[in-house]
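Fold and contact review
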Amino acid sequence: MRSERPSAYIGIDLGSSACKLIAIDQDSHIIISQRIIIEDNATEQNPEHQWQTALKGLEQLIPHCSDYQLKAICVDATSGSVMLTNEQGRLITPILMYNDNRAIEQSLRIARIAPDNTGAQGPTSGLAKLCYFQQQTKTTDYQLLHQADWINFKLGAPLGITDENNALKTAYDPVKRHWPGWLDQIINPKVLPSVVPAGKKIGRLSPALCQHFNIEEAPDIIAGTTDSIAGVLATGINKIGQAVTSLGSTLTIKLISDKPIFKAEQGLYSHRLGQHWLIGGASNTGGA
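Below: a short report on this structure. A quick note: this is a predicted structure, and the numbers were derived from the prediction, not measured.

On to the sheet that holds strand S1 (residues 7–14), then. The strand order across the open sheet formed by six strands is S3-S2-S1-S5-S12-S11, and the pairing between neighbours is mixed. Both edges of this open sheet fall to strand S3 (30–37) and strand S11 (201–204), since each of them pairs with a single strand only. When strand polarity is set aside, the average angle formed by the axes of neighbouring strands in this sheet is 20°. Bridge count for strand S2 (residues 18–25) against S3 is seven bridges, and the pairing is antiparallel. Bridged to isoleucine 22 within S3 is serine 33. Along the sheet, helix H4 (residues 147–155) contacts S1, strand S5 (69–77), S11 and strand S12 (220–226); its crossing angle with S5, the most-contacted strand, is approximately 150°. On top of the sheet, helix H6 (residues 227–235) reaches S1, S5 and S12; it is set at about 100° to S12, its chief contact.

Written out as structure tokens, the structure is:
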């Protein structure tokens, strides 16, 4: 009698310049990891290119997991990187990446309406970019997606679901856990995705991809987080007062707290993570 195969889990990290993938077993041992350069390093990127890069990585990774039962896939991506599709998931716009700052006019309008305790301040916020798209797009049939939401949708998750961390810079209120009412003065709230906690199951790998990868039982798709928070989780810190600084294209700082702090003028904002908060900010004093 054949014994049950050990479990495996796949993580996909979409950073500024590369798509990194890892497969681990049930004991957190690494099975294999891959790194694929994202050729388009501009502040405006092609969503289909990003998906093809992630798909290429999975094609290299999954064959090495043939002795395992693939249980789940989870995606993290850059914070504040957003795009529009229509209500069927067809592309309308490119992705405006986390560091795209063209939405200056829109951010000034947001500043006049939004409270200080929001992560949506500034021209690089997801909300400012959504307002920019709104002025540039002729159709009213559109859905906002964050970078991670797009990859989840292509994997098989329903369109229009995001996690609490990626939603922060689009004005999600992590304290009250909903989209705030003041957004109605700026955008049509129907274009916003539904928000779930990081770590929640949001779907399963599509039948077409299961066939493509020769997978008999579809793994779950798990709501992920932003790339900087994924970096915090990777360190294993879990106590109030512990902090992590990570150096990538930008320098990010995250500190575990028992309460949130929002200081827009100082660039401080707070993410909900489990029962705690991550107080953080980012600096341009980074690799870019």
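From this point, the discussion proceeds with the structure in view.
The next thing to look at is the nonpolar core. Residues Ile10, Leu155 and Leu205 are the most contacted members of the largest nonpolar core, which totals 41 residues. Breaking this core down by element, the ones donating at least two residues are S1, S2, helix H1 (47–61), S5, H4, helix H5 (207–213) and S12. At five residues, H1 tops the list of elements feeding residues into this core. Apart from residues lying up to four places away in sequence, leucine 155 is in contact with Trp51, Leu58, Ile73, Val75, Arg204, Leu205, Ser206, Leu209 and Ile221.

What follows deals with the packing of aromatic side chains. Per the stated rule, a full pass over the model turns up three aromatic pairs. Taken together, a centroid distance of 6.3 Å and an interplanar angle of 55° make the contact between tyrosine 132 and phenylalanine 133 tilted. Each member of the pair, tyrosine 132 as well as phenylalanine 133, is classed as buried. An angle of 35° between the planes, with centres 6.3 Å apart, marks the rings of tryptophan 150 and phenylalanine 153 as tilted.

Right, let's talk about helix H2 (residues 104–113) for a bit. For an α-helix, 3.6 residues make a turn, and residues three or four places apart therefore share a direction. Taken together, the buried positions of H2 are Gln106, Ser107 and Ile110. Along H2, the residues classed as buried sweep out an arc of 100° about the axis, all on the same side. Pointing more than 90 degrees away from the buried face of H2 are the exposed residues Glu105, Leu108 and Arg112. In this fold, the buried residues of H2 make contact with helix H3 (126–136).

All right, on to the side chain of threonine 78 then. Along the chain, the position of threonine 78 falls in the loop between S5 and strand S6 (82–85). Of the polar contacts made by the side chain of threonine 78, one reaches the side chain of glutamine 147; its length is 2.5 Å. If we skip the residues at most four places from it in the chain, threonine 78 touches Leu14, Gly15, Ser16, Met97, Tyr98, Gln147, Asn166 and Asp227.

A word on unusual backbone geometry. Not every positive phi belongs to a glycine, and serine 28 is a case in point at roughly 70°. The topology assignment puts serine 28 in the loop between S2 and S3. The phi dihedral of arginine 177 is positive, around 60°, even though this residue is not glycine. Along the polypeptide, arginine 177 turns up in the loop between strand S9 (161–163) and strand S10 (194–196).

Within H3, eight of the eleven residues are buried, leaving the element largely enclosed by the surrounding structure. All of the buried residues in H3 are Gly126, Leu127, Ala128, Lys129, Leu130, Cys131, Tyr132 and Phe133. On its buried face, H3 sits against S6, strand S7 (95–96), H2 and strand S8 (143–146).

Within the element layout of this structure, alanine 111 appears in helix H2. Residue classification places alanine 111 among the partly exposed positions, given a relative accessible area of 43%.

With that out of the way, let us pick up the pattern of salt bridges. When their charged atoms lie close together, side chains carrying opposite charge are able to pair. A full pass over the atoms with the stated rule returns seven salt bridges. Linking aspartate 13 and lysine 20 is a salt bridge whose minimum nitrogen-to-oxygen distance equals 3.3 Å. The class for lysine 20 is partly exposed, based on a relative accessible area of 36%. Linking aspartate 220 and lysine 201 is a salt bridge whose minimum nitrogen-to-oxygen distance equals 3.3 Å. A residue pair is termed long-range when its members are at least 10 positions apart, and aspartate 220 in strand S12 and lysine 201 in strand S11 qualify at 19 residues. Put simply, Glu44, Asp100 and Arg102 are held in one network by salt bridges that share partners.

The rules we used
- Residues numbered from 1 in each chain as written.
- Predicted model: local features only at pLDDT ≥ 70, side-chain atom pairs only at ≥ 80, totals over all residues.
- Heavy atoms only, no water.
- Pairing = 2+ DSSP bridges.
- Helix = DSSP H or I, 4+ residues; strand = E, 2+ residues; numbered from the N terminus.
- Axes fitted to C-alpha atoms, helices over the stretch in contact; angles between N-to-C directions.
- Contact = heavy atoms within 4.5 Å.
- Core = buried A, V, L, I, M, F, W, Y, C linked by side-chain atoms within 4.5 Å.
- Buried < 20%, exposed > 50% of the residue type's maximum accessible area, 1.4 Å probe, protein only.
- Phe/Tyr/Trp six-rings, centres within 6.5 Å; stacked < 30°, edge-to-face > 60°.
- Arc of directions from axis to C-beta.
- Polar contact = N/O pair within 3.5 Å; in protein donor to acceptor, adjacent residues only side chain to side chain.
- Salt bridge = Lys/Arg side-chain N within 4 Å of Asp/Glu carboxyl O.

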